Amino acid sequence: MHIFRESQISFSQKHIALVVAMFMILFLSGGVPVVRSVTMVVTMLIVLFGMGAVFSWKIHPRFFSAFLAFVLLMAFHYLIFGFSIAFEPYLYLCLSILLALTVLGLTENRRILLQVIDASLMLVCLHAAMSFVLQFLVGDSLVYDISIRALSFKDIVFYNPSKVLGLYRNQGIFWEPGILQFYLNLYLFLSIFVFRRSSTRIAGIIFLIISTFSTTGFIICAFQMLFMLFARKSWKAFFSSLVLVVASTLVFYDVVSENLYSKFQGDSRTSSLGRKYDATTGIRIFLDNPLVGVGFDNARYLEEVQNLGVVEALLDANDLIDRGSTNGIFGLAAQGGLLFTALFGIALYRTMRIYNHAYILAFILVATLLTSPILKTPFIFLFLLQWLLKEGRGEKKSL
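Being a predicted model, the structure only gives us computed values, none of them experimental. (Residues numbered from 1 in each chain as written. Predicted model: local features only at pLDDT ≥ 70, side-chain atom pairs only at ≥ 80, totals over all residues. Heavy atoms only, no water.)

### Details of helix α4 (residues 88-106)
Then comes step 1: Here α4 contains 19 residues, and its C-alpha end-to-end distance of 27 Å stays within 8% of the 27 Å for a straight helix at 1.5 Å per residue.
Then comes step 2: Counting buried positions along α4 yields 16 of 19 residues, so the element is predominantly enclosed. (Helix = DSSP H or I, 4+ residues; strand = E, 2+ residues; numbered from the N terminus. Expected span 1.5 Å × (residues − 1). Buried < 20%, exposed > 50% of the residue type's maximum accessible area, 1.4 Å probe, protein only.)

Here it is as structure tokens:
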């Protein structure tokens, strides 16, 4: 019997608290009101340590050792630049690592961690479903927030202002649809390849991914659906999956065609040009500063971008002045150099060794991080460091 059958999941009070904590970490890793918020990370840490004190939770010493090693590495990287760059980004990264390691330390093993992640992603999925439905009910009451360039209703749900096929692009509680698609695709991966859920549940998740109208989301989803056919172990499951794939493909065709036209020739073409610009500048800064990058200071990064003199004719010059990188991986290479890029590669490799179908999970992570700046957030840190946990009882080497 598969150890991750839904009927076998039972949460204690501690695990329910961890689900809430995990959902908040997801919120911290792309949520609209709290992007890169040191205050919110500190608040989460206080809450976690407070609950730990009340319920006498214990954290394994190895997680504190891992945190100390990371702090020393960050201090070394900061000192290289002789205090000439901002300190706050380094504080944010240290606190985010501490938050991720604290949750890992409170989780007994990988099996429980995966259940906690899965439950929190289900909450994200339910909120995304509510967000999709609400646009038909409160469409006339949506308010444009210029600070985040998104439409919102009472700061409960958020939408990208651009429309595809007459629908707003769903971004749930996150600051762009590309972030929502990542969490939905991760939930889809767990539903197909780990928990082996029903085709009905999977179809619902696919529909919500389509509602983001994210090109990256479409590509990742299609990649998973292709391998889903071969993951089914019975003819009945295979044919039900085949019907789902064919039906989704018919829907995808019109949606993807409209979306690609909008991205490369229509009103949203600046999106693809912006990502091309970020990749180009990130690579060039990395090549100029290969060992340790230019530091985790956005002002310093923007200064280096201006020095390069890269110009994209169709992008507004004013937007380029304070444009941060949307490319998480090339942004990390530019700011952290080979030192931190190598650490990311090692952590990704160690985490992928835990899972069956690791190439699919790696594709989800890398494809998203190449188009979204969420690499240096608590959830990504937590996900990449889960190999520090021991295996659960009865758990195979790979999930």
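### Some words on the sheet that holds strand β3 (residues 157-164)
Then comes step 1: Strand order in this open sheet of four strands is β1-β2-β3-β4, and the pairing throughout is antiparallel. Both outer strands of the open sheet, β1 (143-145) and β4 (167-170), are each paired with one neighbouring strand and no more. Going from strand to strand, the sheet's axes swing by 50 degrees on average, the running direction of each strand aside.
Then comes step 2: Both β3 and β4 contribute to a ladder of four bridges, which runs antiparallel. Within β4, the position partnered with N160 by the bridge is R169. (Pairing = 2+ DSSP bridges. Axes fitted to C-alpha atoms, helices over the stretch in contact; angles between N-to-C directions.)

### Focus: the packing of helix α5 (residues 110-137) against helix α6 (residues 177-194)
The relative placement of two packed helices comes down to the angle between their axes together with the axis-to-axis distance.
Then comes step 1: With their axes 9 Å apart at the nearest point, α5 and α6 run at an angle of 125 degrees to one another. Relative to α6, the element α5 is oriented oblique. Viewed along their axes, α5 and α6 form a crossing whose handedness is left-handed. Where α5 approaches α6, its residues L114, I117, D118, L121, M122, V124, C125 and A128 are matched on the opposing element by L180, Y183, L184, L186, Y187, L190 and V194. (Parallel < 35°, antiparallel > 145°, perpendicular 65-115°, else oblique. Left-handed = near helix turned anticlockwise from the far one by under 90°. Contact = heavy atoms within 4.5 Å.)

### Concerning the environment of Q135
Then comes step 1: Within the fold, Q135 resides in helix α5.
Then comes step 2: On a C-alpha basis, the gap between Q135 and F153 in space is 8.9 Å, while along the polypeptide they are 18 residues apart.
Then comes step 3: Contacts of Q135, omitting those with residues within four sequence positions, involve Y159, L167 and Y168.
Then comes step 4: A polar side-chain atom of Q135 sits 3.1 Å from the main-chain amide nitrogen of Y168. (Polar contact = N/O pair within 3.5 Å; in protein donor to acceptor, adjacent residues only side chain to side chain.)

### As for the environment of A333
Then comes step 1: Within the secondary structure, A333 sits in helix α13 (residues 328-352).
Then comes step 2: Sequence-wise, A333 and V294 are 39 residues apart; in three dimensions their C-alpha atoms are separated by 9.3 Å.
Then comes step 3: Aside from chain neighbours lying at most four places away, what touches A333 is F286, G293 and T341.

### Section: the layout of surface pockets
Then comes step 1: Taken as a whole, the second largest pocket encloses approximately 500 Å³ of empty space.
Then comes step 2: Taken together, 22 residues form the lining of the second largest pocket, with F70, I97, L343, A347 and L385 sitting closest to its centre.
Then comes step 3: Taken together, the elements giving at least two residues each to the lining of the second largest pocket come down to α3 (61-80), α4, α13 and α15 (378-384).
Then comes step 4: In terms of residue count, α13 provides more of the lining of the second largest pocket than any other element does, six residues in total.
Then comes step 5: Classifying every residue of the lining of the second largest pocket by side-chain character gives 21 nonpolar, no polar and one charged. (1 Å grid on protein atoms, 1.4 Å probe; cavity = no way out; pocket = protein on both sides within 12 Å on 5 of 7 lines; lining within 4 Å. Points joined across faces, edges and corners; volume = space filled by probe spheres on them. Nonpolar A, V, L, I, M, F, W, Y, C, P; charged D, E, K, R; others polar.)

### Brief notes about the nonpolar core
Then comes step 1: Counting residues in each nonpolar core, the largest one holds 106 residues, and the members touching the most others are I117, F182, Y183, F189, F379 and L382.
Then comes step 2: In contact with F189, not counting residues within four places along its chain, are V194, Q224, Y355, N356, H357, I360, L361 and I364. (Core = buried A, V, L, I, M, F, W, Y, C linked by side-chain atoms within 4.5 Å.)

### Examining the pattern of salt bridges
Then comes step 1: As enumerated under the stated definition, the model contains two salt bridges in all.
Then comes step 2: A salt bridge links R197 to D118; the nearest nitrogen and oxygen atoms lie 2.6 Å apart. Placement of the pair is R197 in the loop between α6 and α7 (199-211) and D118 in helix α5, with a sequence separation of 79 residues. Of the two residues, R197 and D118, neither departs from the other in class, the shared state being buried.
Then comes step 3: We note a salt bridge from R300 to E304, for which the minimum N-O separation is 3.6 Å. Of the two residues, R300 and E304 are both situated in helix α11 (residues 298-308); the distance of four residues between them amounts to about one turn of the helix.
Then comes step 4: With a relative accessible area of 21%, R300 lands in the partly exposed category. (Salt bridge = Lys/Arg side-chain N within 4 Å of Asp/Glu carboxyl O.)

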